[in-house]
Amino acid sequence: LAGSPLGAAQTAQTAPMAPDIVATPFEMPDHGADYVKRIVMIPMRDGVRLHTVITIPKGAARAPMILSRTPYNAAKRSERNVSPHMASMLAEGDDGYVANGYIRVYQDVRGKYGSEGDYVMTRPLRGPLNDTPVDHATDAWDTIDWLVKNIAQSNGKVGMVGSSYEGFTVLMALADPHPALKAAVPMSAMVDGWRGDDWFHNGAFRVNNLSYIAGQTAARGNGPNIATGVYDDYEFALRAGSASDYAKRFGIDQLTFTKKIFEHPAYDSFWQNQALDRVLGARALKVPTMHVVGRWDQEDIYGPYAAYAATEKLDTSNTMNHLVVGPWRHSGVNYDGSTLGAIRFTGDTAAEFRRDVMLPFFNQYLKDGAPKADTPPVLSYRTGANKWQRLDKWPLTDVMQPLYLKAGARLDFDKPGAGASSTQADDYVSDPAKPVPFVARPVRMFDGAVWKPWLASDQRAFSDRPDVLAYVSDKLDAPLQISGQAMVNLFASTTGSDADWVVKLIDVYPDEVASQPELGGYQLGIAMDIFRGRYRTGLDKPAAIVPNKVERYRFALPNADHVFLKGHRIMVQVQSSWFPLYDRNPQTFVPNIFFARPGDYRKATHKVFHAPGMESAVELPVVPVAK
Ligand code: PG9
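**Description of the overall build of the protein**
Phase 1: A tally of helices and strands in the protein yields 15 helices and 27 strands.
Phase 2: By the compact-globule yardstick of 25 Å for 627 residues, the protein fits well, its C-alpha radius of gyration being 27 Å.
Phase 3: For the protein, the spread of C-alpha atoms along the three principal axes comes to 105 × 55 × 55 Å.
Phase 4: Within the protein, buried positions represent 59% of all 627 residues.
Phase 5: Partitioning the contacts of the protein with sequence separation of at least 6, the portion at a separation of at least 24 is 75%.
Phase 6: For the protein, the exposed surface amounts to about 25,100 Å²; the carbon and sulfur share of it is 54%.
Phase 7: For the protein, the separation between the mean place of its 67 positive charges and that of its 68 negative charges on side chains is 2 Å.

**Examining helix α13 (residues 349–366)**
Structurally, the α-helix is built with 3.6 residues per turn, so residues lying three or four positions apart point the same way.
Phase 1: In this model α13 runs 24 Å from its N-terminal to its C-terminal C-alpha over 18 residues, within 8% of the 26 Å that 1.5 Å per residue would give.
Phase 2: Maximal helix bending in α13 amounts to about 35 degrees, located at M358; proline P360 follows within four positions.
Phase 3: The complete set of buried residues in α13 reads T349, A350, F353, R354, V357, M358, L359, F361, F362, N363 and L366.

**Some thoughts on the packing of aromatic side chains**
Phase 1: Under the definition given, this model contains 35 aromatic pairs.
Phase 2: Residues F262 and F595 carry aromatic rings whose centres are separated by 5.7 Å and whose planes lie at 85 degrees to one another, so their mutual orientation is edge-to-face. You can see F262 sitting in helix α9 (residues 256–263) and its partner F595 sitting in the loop between β23 (569–575) and β24 (604–611), a full 333 residues away along the chain.
Phase 3: Here F595 falls in the partly exposed class, since its relative accessible area comes to 42%.
Phase 4: On the numbers, 5.8 Å between centres and 55 degrees between planes, the contact of W328 with F353 is tilted. Of this pair, W328 sits in the loop between β10 (321–326) and β11 (339–340) while F353 sits in helix α13; the two residues are 25 residues apart in sequence, bridging distant segments of the chain. Neither W328 nor F353 differs from the other in exposure class; each is buried.
Phase 5: Three or more aromatic residues joined by ring pairs form one cluster here, namely W194, F200, F205, F262, Y267, F270, W271, Y535, F594 and F595.

**Focus: the site of the ligand**
Phase 1: Taken together, Y72, T122, S164, Y165, M190, D198, W199, Y212, E299, D300 and H330 are the residues near the ligand.
Phase 2: Take E299: an N or O atom from its side chain is 2.7 Å from a nitrogen atom of the ligand.
Phase 3: In the environment of the ligand, an oxygen atom lies 3.1 Å from a nitrogen or oxygen atom belonging to the side chain of H330.
Phase 4: Summarising the interface, the protein chains cover 93% of the accessible area of the ligand, which totals 300 Å² for the free molecule.
Phase 5: By residue class, the composition of the shell around the ligand is five nonpolar, three polar and three charged.

**Examining the nonpolar core**
Phase 1: Formed by 131 residues in total, the largest nonpolar core has its most connected members in I54, I261, F438, W454, L490, L505 and V574.
Phase 2: Among the elements that take part in this core, helix α5 (residues 165–174) stands out by supplying seven residues, more than any other.
Phase 3: With near-sequence residues (within four places) excluded, L505 lies in contact with I482, L524, G525, I526, A527, M528, L557, F564, I570, M571, V572 and L620.
Phase 4: Counting 21 residues, the second-largest nonpolar core is a separate cluster that includes A183, V185, M187 and F353.

Basis of the calculations
All residue numbers here refer to positions counted from 1 along the written sequence of the relevant chain. Only residues with pLDDT of at least 70 get local features here, since the model is predicted, and only at 80 or more are side-chain atom pairs given and counted; chain-wide, interface and lining totals rely on the full set of residues. Computation of side-chain values: all heavy atoms of the structure, hydrogens and water removed. Secondary structure elements are taken from DSSP: a helix is a run of H or I of four residues or more, a strand is a run of E of two residues or more, and numbering for both begins at the N terminus. Here the globule rule is a power law, 2.2 Å times the number of residues to the power 0.38, and the radius of gyration is based on C-alpha atoms. Remark: exposure states derive from per-residue accessible area (1.4 Å probe, protein chains only) relative to the maximum for the residue type, with buried under 20%, exposed over 50%, and partly exposed in between. The contact criterion used is simple: two residues touch if any of their non-hydrogen atoms lie within 4.5 Å. Note on areas: these come from Shrake-Rupley sampling with a 1.4 Å probe, and a residue is covered only by the protein chains present in the view. The charge count includes Lys and Arg as positive and Asp and Glu as negative, but it does not include His or the ends of the chains. Each charge is placed at NZ for Lys, CZ for Arg, CG for Asp and CD for Glu. Expected helix span is computed as 1.5 Å times (number of residues minus one). The bend reported for a residue corresponds to the angle between axes fitted to the seven residues ending at that residue and the seven starting there. The criterion for an aromatic pair is that two Phe, Tyr or Trp rings (for Trp, the six-membered ring) have centres within 6.5 Å, with stacked assigned to planes under 30 degrees apart, edge-to-face to planes over 60 apart and tilted to the rest. Whether a residue is near a molecule or strand depends on its heavy atoms: it is near if one of them lies within 4 Å of it. Pairing of N or O atoms within 3.5 Å defines a polar contact, subject to two protein rules: one partner must be a possible hydrogen donor and the other a possible acceptor, and residues neighboring in sequence count only if both atoms are side-chain atoms. Under the grouping applied here, Gly and all other residues not named as nonpolar or charged are polar, the nonpolar ones being Ala, Val, Leu, Ile, Met, Phe, Trp, Tyr, Cys and Pro and the charged ones Asp, Glu, Lys and Arg. Definition used in this section: a nonpolar core is a set of buried Ala, Val, Leu, Ile, Met, Phe, Trp, Tyr and Cys residues joined via side-chain atoms within 4.5 Å.

Right, dumping it as structure tokens:
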């Protein structure tokens, strides 16, 4: 063998058929990373083990822990980048925890990715909808109990944070919190899937969820993507038919959660009993909590305010429960908050919040010896004025000032007098074969660049459609501030027997904007929502509309804290579809819209009234303009 390049090593050769994946887990030697990762299966009370990734800063001692419980793959959530540096490896929104020496923990919820057990979408608490011994409250409890007993580098104090579904799991932990859970920050949390989060808004179904349900529930890991073969989602959804036809095409109708949704189109006990604001409002408030939401949250714009309001009643000292609203999209708090679509703010509002408000809040409750944070009861980024405001309460008023829809496409605060207008109503033809798009076509509903900022997108694309009524005020000669939830009070009729009503409160920018010319004439949605007419007399009681009968439709728009600046105008748009985000109302009453047949979809003439006793208005929570 003299001269062989392998030399003496030849004597101890690895067998060619030695398994290349070894039975003993591979352990990488210390290669200079500033953290240690522990991957563990934490046992729950029913024996199911949950896959948990714990990242511990090297040298940590008496460090607090921040826990997120996710259906989105804990391994991926704890590794944005492959890096030896914890700050680069963890998510962008985790920046402050790393800077402050926290231990960061991500866990797969039961049934997803590395965790054992059954997955149930937004698993309800034990009770009428859940007869098993476990839920997210018990799983959070058991996890926290294990963490404080087994992570030697910790100080035994745990905070929970997370956005959207991960915000929902934070709220669930608060239903019965472990004593070591010392602070919680639910962000953009899903609270009520029927009233205005994720699945429905006031009974109108959000079609994009079908793809989410396939992605999340067709497999323990990633489910399939939907390949429609059509670039424009508007075109594809229109051809597909009803939401159940759309689902059937891809087999999504066979998935259990789709079945549950299709079986519960109304706000029945299935939805009411799992609405977390109701659940938490009936329990004690034990953990200091900061509810966080984005002003233009395109997924969960309802629940965070509802959860805050329900638990605020329990906060008798006004020291434990907080609300923060930033100028963000859904989950935007964890990314760059300098802009949203075309709209610019005063710097990175999200990083500011995380550094100056959230971290001091967590530190106060979690870090040994940290000072008390100066956390206001409510912190709101007032749009229009573009300023953070420290407030004592939310909303600032419950007193409403009606802004009347008038003849001649006008909008003002003067109640229309008898005989004041020549026409009593405005009308339009709502045609389910040509629904109003929710963003300009081609619609790319699953493209993040379209989806994330869509609530702040220019509404000009729709204001001159013949099936959209657009009422506009004079130019404001002084700024006008609204701080609360506007109410729609619409008097309307249809020639059909069912109808949707979409109402949008819009800030119309001046013709020219010197600082940002492309905003000249921009129509910025401030509070917009949809209401399915069959629920006008009870959200759990669908009832056909009597054709041509004027009926009153009353529903709240999303919360706003906004100043319409001097020189701007206010606009209200009314329309009867918002497609393909929301499924079409066939405009013929059928027992279950999910199963409407092609012949049920009919054109109808819709009228909006501005006559004595039928004064359609959007009632605004007007308050004096803050200095
Ligand atoms: N909005 C998403 C979601 C939450 C809860 C249920 C279903 C979807 C999310 O971003 O997690």
